[in-house]
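Results of the structural survey
Take a look at the letters that make up each chain.
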Amino acid sequence: MPNTITRRTLLSAFAIAASVTPLAAAIAPAGENWQFEIGTWITHKDRAMPSLVLSRVRTAKGVEIYGVRSFAEVDPNRDRMMLGEVLRPIDDAAKTISLAHQAGIA
């Protein structure tokens, strides 16, 4: 199933987020405002795409670009760079559903 989440996928995403966060915090200037923090669960504004923010950059024009990892079990493009304007924070209900699918109880 292309949109199923596995425990291995979640654990690897969390491990990557944990290792990237200190580095990202060190490079980002203090007091800089971002739409999403490193390690935040997000989704696409038009369709379900539960993902984890792994990195972020801001262009010279101020456009935010996020490196995200998809939680889908089968995804040929698991790691993506996406514009911040098409991403939305994932709500608690969607996060719970994603975790339930991953655990095999939904």
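Throughout what follows, the structure given in this document is the object of discussion. (Residues numbered from 1 in each chain as written. Predicted model: local features only at pLDDT ≥ 70, side-chain atom pairs only at ≥ 80, totals over all residues. Heavy atoms only, no water.)

**Considering the sheet that holds strand β5 (residues 87-89)**
For the record, the criterion: DSSP bridges decide pairing: two strands pair if at least two such bridges lie between them. Each helix is a run of H or I in the DSSP string that is no shorter than four residues. Each strand is a run of E no shorter than two, and both are numbered from the N terminus. Angles here are taken between N-to-C directions and fall from 0 to 180 degrees, while the axes themselves are lines fitted to C-alpha atoms, restricted in helices to the stretch in contact.
Strand order in this open sheet of 5 strands is β4-β3-β2-β1-β5, and the pairing throughout is antiparallel. Of all strands in the sheet, those bounded by a partner on one side alone are β4 (79-83) and β5. Direction aside, the axes of adjacent strands within the sheet are offset by 45° on average. Across 7 bridges, strand β2 (residues 51-58) lies against strand β3 (residues 64-70) in antiparallel orientation. Bridging across to β3, Ser51 finds its partner in Ser70.

**Quick look at the nonpolar core**
Generally speaking, soluble globular proteins have nonpolar side chains that are buried together. Quick reminder of the rule: Note on terminology: a nonpolar core comprises buried Ala, Val, Leu, Ile, Met, Phe, Trp, Tyr and Cys residues joined through side-chain atoms within 4.5 Å. Any residue under 20% of the maximum accessible area for its type is buried, any over 50% is exposed, and the rest in between are partly exposed; the area is computed with a 1.4 Å probe on protein chains only.
If you look at the biggest cluster of nonpolar residues, it comprises 11 residues: Trp34, Phe36, Ile38, Ile42, Met49, Val53, Tyr66, Val68, Met82, Val86 and Leu87. Grouped together as the second largest cluster of nonpolar side chains are 5 residues, Trp41, Leu52, Phe71 and Ile90 included.

**With respect to the pairing of β3**
For β3, the buried fraction is high: 6 of the 7 residues fall into the buried class. The antiparallel hairpin formed by β2 and β3 contains 5 residues in its connecting segment, where Gly62 sits at a positive phi of about 90°. Relative to β4, β3 runs antiparallel, the two sharing 5 bridges. Pairing of Ile65 across the sheet is with Leu83, part of β4.

**Description of the packing of aromatic side chains**
How we decide: Any two of the Phe, Tyr and Trp rings considered here, Trp counted by its six-membered ring, make a pair once their centres fall within 6.5 Å; the pair's planes then place it as stacked at under 30 degrees, edge-to-face at over 60, or tilted in between. Here, a charge over a ring is recorded when the distance from Lys NZ or Arg CZ to the ring centre is within 6 Å and its angle to the ring normal is within 35 degrees.
Counting across every chain of the model gives 3 aromatic pairs. When the centroid spacing of 6.3 Å and the interplanar angle of 75° are considered together, the rings of Trp34 and Tyr66 count as edge-to-face. One end of the pair, Trp34, is in the loop between α1 (7-27) and β1 (41-44); the other, Tyr66, is in strand β3, with 32 residues separating them in the sequence. Take Trp34 and Tyr66: they sit in the same class, and that class is buried. Between Phe36 and Tyr66, the ring centres sit 5.4 Å apart and the planes meet at 75°, which makes this aromatic pair edge-to-face. With Phe36 in the loop between α1 and β1 and Tyr66 in strand β3, this pair connects stretches of sequence that are 30 residues apart. Chaining the aromatic ring pairs together yields one cluster made of Trp34, Phe36 and Tyr66. Over the face of the ring belonging to Trp34 we find Arg58, whose NZ or CZ atom lies 4.1 Å from the ring centre.

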